[in-house]
Amino acid sequence: KQHFMLNIFKNKQEQELSLLQQIEKYLTSKGYNYRYIGETPILKLGLRGNNGNWTVYFRTNELGNALTINLVLPFVVNDSKKLKVIDILNRINCELFFGKFIMDNEDGEIAMVVRHLSYKKEMPSDEIDVLFRFACDTVDDFIPTITSVAYGDMEPSLAIQNRVQ
């Protein structure tokens, strides 16, 4: 009986974790190094994929039922290329089922933003895993397409066609 009661308490304790604490638990279980930044808690970690590296930021809303993952690419776009990069990001966004690429028009920083809303304040670790891996895989897959426009002479329409082939 006592063992059963301990398991109930443990499960209840896990359910009471905030969404950000659940993300932290997931990242720890996967061996990621992260840190908290800012006054409002934001988790930050750096990642490396097959096509580059990027910084990931996890944050939640005040109610604790919405998660935003920002994956910031490690380069900025020169003013002369911004319109073409906006074009390729729009073309990429049309292909995505979830998430979107954005560019800060002032500094040329590019990021992918993925949001998740839950009617509960909990998110199973397998759901976190799917969401996180999807976002990372998407960023890694599109880095060559984005850089071919931002740093090469590739036209956005050709860059997106080359990606499809």
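The residue numbers shown here count from 1 along each chain, following its written sequence. Whole-chain, interface and lining totals are the exception, using all residues; otherwise, since this is a predicted model, local features are given only for residues with pLDDT of at least 70 and side-chain atom pairs are given and counted only at 80 or more. Side-chain descriptors were evaluated using all non-hydrogen atoms of the structure, hydrogens and water having been removed beforehand.

**Q** What is the right way to read the side chain of Asp-129 from this model?
**A** With respect to the helices, strands and loops of the structure, Asp-129 is situated in helix H4 (residues 125-150). In this description, contact between two residues means that some pair of their heavy atoms is separated by no more than 4.5 Å. What Asp-129 contacts, discounting residues up to four positions off in sequence, is Tyr-26 and Lys-30. Secondary structure elements are taken from DSSP: a helix is a run of H or I of four residues or more, a strand is a run of E of two residues or more, and numbering for both begins at the N terminus.

**Q** So what exactly am I meant to see when it comes to the pairing of strand E3 (residues 53-60) here?
**A** On any regular strand, side chains alternate: one points to one face of the sheet, the next to the other face. Relative to E3, strand E2 (residues 42-48) runs antiparallel, the two being bridged by six bridges. Note that in E3 the partner of Leu-43 across the bridge is Phe-58. A loop of four residues connects E2 with E3, the two strands running antiparallel in sequence, and Gly-52 in this loop sits at a positive phi of about 155 degrees. The sheet contact formed by E3 and strand E4 (residues 66-76) spans six bridges and is antiparallel. Paired with Tyr-57 across the bridge in E4 is Asn-70. When DSSP finds two or more bridges between two strands, those strands count as paired. Linking E3 back to E4 in an antiparallel pair, the connection comprises five residues, with Gly-64 at a positive phi of about 80 degrees.

**Q** Teacher, can you tell me more about the packing of helix H2 (residues 19-29) against H4 here?
**A** Two packed helices can be described by the angle between their axes and the distance between those axes. Where H2 meets H4, the closest approach of the two axes is 10 Å, and the angle between their N-to-C directions is 75 degrees. Judged by the angle between their axes, H2 and H4 are roughly perpendicular. Contacts between H2 and H4 pair Gln-22, Ile-23, Tyr-26 and Leu-27 from the former with Ser-125, Ile-128, Asp-129 and Phe-132 from the latter. Grouping the constituent residues of the contact of H2 with H4 by class yields five nonpolar, two polar and one charged. Axis geometry follows a simple rule: fit a line to the C-alpha atoms, using only the stretch in contact for helices, then measure angles between N-to-C directions, giving values from 0 to 180 degrees. Working rule for angles: under 35 degrees goes down as roughly parallel, over 145 as roughly antiparallel, 65 to 115 as roughly perpendicular, anything else as oblique. Following the grouping adopted for this structure description, the nonpolar residues are Ala, Val, Leu, Ile, Met, Phe, Trp, Tyr, Cys and Pro, the charged ones are Asp, Glu, Lys and Arg, and the polar ones are all others, Gly among them.

Functional significance is not addressed by these values, which are geometric in nature.
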